[in-house]
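Read off the chains here:
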2 protein chains.
Amino acid sequence: MSQSRPRIVPEATVARLAVYLRVLAGLADGGRSHVSSGELASAAGVNPAGLRKDLSYLGPCGVRGVGYSISGLRERLTEALGGERSRPCVLVGIGRLGSALADYTGFASRGFQFVGLLDSDPRTVGTEVGGVPVRPVEELEAVVADTQASIGVITTPAEVAQSVCDRLVTAGVRSILNFAPVALTVPAGVDVRKVDLSVELQVLAFLDQQRDGSPPVVASMRTGVSGGAR
Amino acid sequence: MSQSRPRIVPEATVARLAVYLRVLAGLADGGRSHVSSGELASAAGVNPAGLRKDLSYLGPCGVRGVGYSISGLRERLTEALGGERSRPCVLVGIGRLGSALADYTGFASRGFQFVGLLDSDPRTVGTEVGGVPVRPVEELEAVVADTQASIGVITTPAEVAQSVCDRLVTAGVRSILNFAPVALTVPAGVDVRKVDLSVELQVLAFLDQQRDGSPPVVASMRTGVSGGAR
DNA sequence: AACCGCTTGTGAACGCCTGAACAAAGTCGC
DNA sequence: GCGACTTTGTTCAGGCGTTCACAAGCGGTT
Ligand SMILES: NC(=O)c1ccc[n+]([C@@H]2O[C@H](COP(=O)([O-])OP(=O)(O)OC[C@H]3O[C@@H](n4cnc5c(N)ncnc54)[C@H](O)[C@@H]3O)[C@@H](O)[C@H]2O)c1
Ligand SMILES: NC(=O)c1ccc[n+]([C@@H]2O[C@H](COP(=O)([O-])OP(=O)(O)OC[C@H]3O[C@@H](n4cnc5c(N)ncnc54)[C@H](O)[C@@H]3O)[C@@H](O)[C@H]2O)c1
C-alpha cells in the first residue's frame, strides 16, 4: 500500500475541492457509481485538466479508463477538507446578515454548526435564531471556551469588527470569516478570509463599463466562474 | 497635457481599487488632505509597493515627496470604477439572504441601488424590503426593461439559479452576482461572479486542520486578507 | 492472450500577480 | 538657489496558478 503523502496544496485548489465535493453530493443521488474528470469539471465550471491536477494533490484517486468512484472520491475529499467531524462556529453580530447565516441549513450538511450566537443589542439577545439562543457579546470568551469553537464569523458593523476580532483571537479562535468592510489585523497563525460584497458589485460595474467602452478588456482572472461556456 | 490612456487593468487590481476607495472615504472625514502609499496600504491590508502599482494603472495619481491627494484620488478611483452614476440592480430571490442584501444601506453609497426585487413566493410578493416592493418573478423581463438594470443578483435556491440566470441574460443583464451554490453557464460577454460561503468556511476548516497537523503549510495565496500582520 | 479505446496523472510552458529594490521627481528647509 | 529628504512610479526577478499535451494504465473486447 502506498503511504499517504500530504503534499502541499495550493489554497486555490482547496477552494475548488470544496466545490467538487458539493457537486459530488448532488451527483451521488443519481445512482451513478463513477464520473469522469470532464463531467465533473463541467458541473463545477472548471477546466478538466485543472480538476485532475487538483485531485492529484491528494494522490491517485481515480481509475484510468473508468473515472473516479463517486463514493470513494467523496470520502477522500471529505477527509482532505477536515473530516466529517462537526465544526463548531461562533457568529458575532446577529443582524440582518448574521441572522440569515445562522438560519441557513446549508452549512450543517458540511459539518459547520453555529453553536454560539452573540450580539450586543439587548433586543436581540435572548431571541433564538435557528434554534440557538443569542447571547450577550460579553460572554464571547465563555462561549468560545465552552463550545471549543475554532471558527469565528464576524457580521458586526465595521467599526467594532477589529475589536471583536481581537477578542475572538484572544479567546482561542484561529480561523475567522469577516463580512465587515475592513481589513482585519491578526497575529501570525490566525487565518482570515474576507467576504466583501460591495467589492464584488464594484468589480461587476467596472467590467460593465469597460465592456461598453474600449476593446482593451481587463485581464481575466481565474477567480469565479466567468463566462465563456456556451 | 497627457492623454488618459486606458491601460489594461488586472481584475485583482480592480477589486483592490474598490477597497482603496472605501478606505479613502473613511479617511476623508479626518480632515486630512494627503495620504502616503504606506498609510493607505496599511489601512487596506496590502503591500505598499503593490498599492502604488495598482494606482499606476490609472496613470500618475500622486505627487512625489508628498503622497496622494485624498479628494483627487477619490475622484480618480470613482471614475475608474464606473463613475458616480447610480447603477440599477435587480435581485431575484427575496429570502433570508436576499432580504438582508436588499435592506443593506451600504450599497447605495457606492451607487448601487436595488430597483427591482423579485420572488416566486406569493407570501413574499407584495411586501416591501428597503422601501422597494417585491414583485412576482414572472415580471422579471419587464422589470429589467423598465429599470434598465445592468446587474443582476441571484439569491434563489440552487435548483432554479440557472433558469433565473438565463432569464436575466435574455432580458439584457450582462453582469451577475451569484450566491447560489452552483456554477452558472452564461454566454460569452456576460460576467458572473460567485460568492460561495460554504467554500469559505471549508477553506478555513482545511487551514485549521492543516495547522494542527504537519508543518507543510498550504501555499498561501494573495486572495483575501490572510494573516501575517503583527 | 493481445489489442484497442478511454481516462487518468504528470511534466512543461506560459502568463499573471506579487514583492522588493531603484531611480526620478518634487518639496521643504536653509 | 541649492541640497537633502521624502515619496512616488517603474523595473526586475520570483512564485503560483493555469493550460496544453502526452505517456501510462486499466477495462473491455475479440
Ligand atoms: N447585505 C448585508 O447585510 C451586508 C452586505 C455587505 C456587507 N455587510 C456588512 O456586514 C455587517 C453586518 O451587516 P448587517 O446588514 O447585518 O448589519 P446589522 O446592523 O443588521 O447587524 C449588525 C449587528 O451587529 C450587532 N452589533 C453591533 N455592535 C456589536 C458588538 N460590539 N458586538 C456584537 N454585536 C454587535 C448589532 O446589534 C446588530 O445586530 C456590516 O459590517 C456590513 O457592512 C452587510
Ligand atoms: N446564509 C444564507 O442564507 C446562505 C448562505 C450561503 C448560501 N446561500 C444560498 O443563497 C441562496 C438563498 O439562500 P436563502 O437562505 O436566502 O434561502 P431562502 O429559502 O430563505 O430564500 C430563497 C428565496 O428564493 C425564492 N425563490 C424560489 N424559487 C424562485 C424562483 N424560481 N424565482 C424567484 N424566486 C424564487 C423563494 O421564494 C425564497 O424567498 C441559496 O441558494 C442558498 O444556498 C445562502
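Computed from a prediction, not measured in an experiment: that's the story for all the values here.

### Focus on the pattern of salt bridges
Under the definition given, this model contains 22 salt bridges over all chains. A salt bridge links Asp54 of chain A to Arg16 of chain A; the shortest N-O distance between them is 2.7 Å. Linking Asp54 of chain A in helix α3 (residues 48-56) with Arg16 of chain A in helix α1 (residues 11-28), this pair joins segments that are 38 residues apart in sequence. By relative accessible area, which is 3% here, Asp54 of chain A ends up buried. For the salt bridge of Glu139 of chain B with Arg135 of chain B, the shortest nitrogen-to-oxygen distance reads 2.7 Å. With a relative accessible area of 32%, Arg135 of chain B lands in the partly exposed category. Via salt bridges that share partners, Glu11 and Arg193 of chain A together with Glu200 of chain B belong to a single interconnected network.

### A closer look at the protein's contact with DNA strand D
Residues in close proximity to DNA strand D total 30 residues, the closest being Arg16 of chain A together with Ser37, Gly62, Arg64 and Tyr68 of chain B. Of all atoms in DNA strand D that approach within 4 Å of the protein, 68% are sugar or phosphate atoms. For DNA strand D, a phosphate oxygen lies 3.0 Å from a polar atom in the backbone of Cys61 of chain B. A distance of 2.8 Å separates a phosphate oxygen of DNA strand D from a polar atom in the side chain of Tyr68 of chain B. Counting residues per element, the ones that place at least two in the surface near DNA strand D are α1 and α3 of chain A together with α3 (48-56) of chain B. Grouping the constituent residues of the surface near DNA strand D by class yields 11 nonpolar, 9 polar and 10 charged.

### What about the packing of aromatic side chains?
Scanning all chains against the criterion turns up 4 aromatic pairs over all chains. Ring plane angle 80° and centroid distance 4.8 Å describe the contact between Tyr104 of chain B and Phe107 of chain B, whose orientation is recorded as edge-to-face. On the accessibility criterion, Phe107 of chain B (3% relative accessible area) is buried. Taken together, a centroid distance of 5.9 Å and an interplanar angle of 80° make the contact between Phe107 of chain B and Phe114 of chain B edge-to-face. Every member of this aromatic cluster is reached through a ring pair, and the members are Tyr104, Phe107 and Phe114 of chain A.

### Some points on the protein's contact with DNA strand C
Around DNA strand C, 27 residues are found, and the nearest of them are Ser37, Gly62 and Tyr68 of chain A together with Arg16 and Arg64 of chain B. Contacts to DNA strand C include Cys61 of chain A, whose backbone N or O atom sits 2.9 Å from a phosphate oxygen. Contacts to DNA strand C include Gly65 of chain A, whose backbone N or O atom sits 3.2 Å from a sugar or linking oxygen. Considering only residue class, the surface near DNA strand C consists of 10 nonpolar, 7 polar and 10 charged.

### Quick word on the side chain of Ser37 of chain B
Mapped onto the fold, Ser37 of chain B is located in helix α2 (residues 37-44). With relative accessibility at 12%, the residue Ser37 of chain B sits in the buried group.

### Some thoughts on the interface of chain B and chain A
Listed by partner, the interface residues are 82 residues for chain B and 82 residues for chain A. The largest contributions to the chain B side of the interface with chain A come from Leu201, Gln202 and Leu204 of chain B, which together make up 9% of the buried area. For the interface between chain B and chain A, the tally reads 8 salt bridges. Linking Asp103 of chain A and Arg96 of chain B is a salt bridge whose minimum nitrogen-to-oxygen distance equals 3.6 Å. Where chain B touches chain A, the interface holds 16 residue pairs in polar contact (both at pLDDT 80 or more). Within the residue set of the side of chain B that touches chain A, elements represented by two or more residues are α1 (11-28), α2, α4 (70-80), α5 (96-102), β7 (151-154), β8 (175-178), β9 (191-194) and α8 (197-212) of chain B.

Rules and cut-offs
- Along every chain, residues carry numbers that run from 1 in the direction the sequence is written.
- Lettering of chains starts at A and numbering of ligands starts at 1, both following the order in which they are written.
- Since the coordinates come from a predicted model, pLDDT governs what is reported: local features require at least 70, and pairs of side-chain atoms require 80 or more to be given and counted, while whole-chain, interface and lining totals use all residues.
- Derived side-chain values reflect all non-hydrogen atoms in the structure, with water molecules and hydrogen atoms excluded from consideration.
- A pair is scored as a salt bridge if a Lys or Arg side-chain nitrogen falls within 4 Å of a carboxyl oxygen belonging to Asp or Glu.
- Numbering of helices and strands starts at the N terminus; helices are DSSP runs of H or I of at least 4 residues and strands are runs of E of at least 2.
- Buried means the residue's accessible area, taken with a 1.4 Å probe over protein chains only, is under 20% of the maximum for its type, while exposed means over 50%, and partly exposed covers the values in between.
- Residues are counted as near a molecule or strand when any one of their heavy atoms sits within 4 Å of it.
- Think of a polar contact as two N or O atoms within 3.5 Å of one another; within protein, one of them needs to be a possible hydrogen donor and the other a possible acceptor, and neighboring residues in sequence only count if both atoms come from side chains.
- Gly is placed with the polar residues, together with every amino acid not listed as nonpolar (Ala, Val, Leu, Ile, Met, Phe, Trp, Tyr, Cys and Pro) or charged (Asp, Glu, Lys and Arg).
- Two aromatic rings, drawn from Phe, Tyr or Trp (for Trp, its six-membered ring), form a pair once their centres lie within 6.5 Å of each other, and the interplanar angle then sorts them: stacked below 30 degrees, edge-to-face above 60, tilted otherwise.
- The criterion used for residue contact is that any of the two residues' heavy atoms lie within 4.5 Å.
- Using a 1.4 Å probe, buried area is obtained as the accessible area two parts lose upon being combined, added over both of them.

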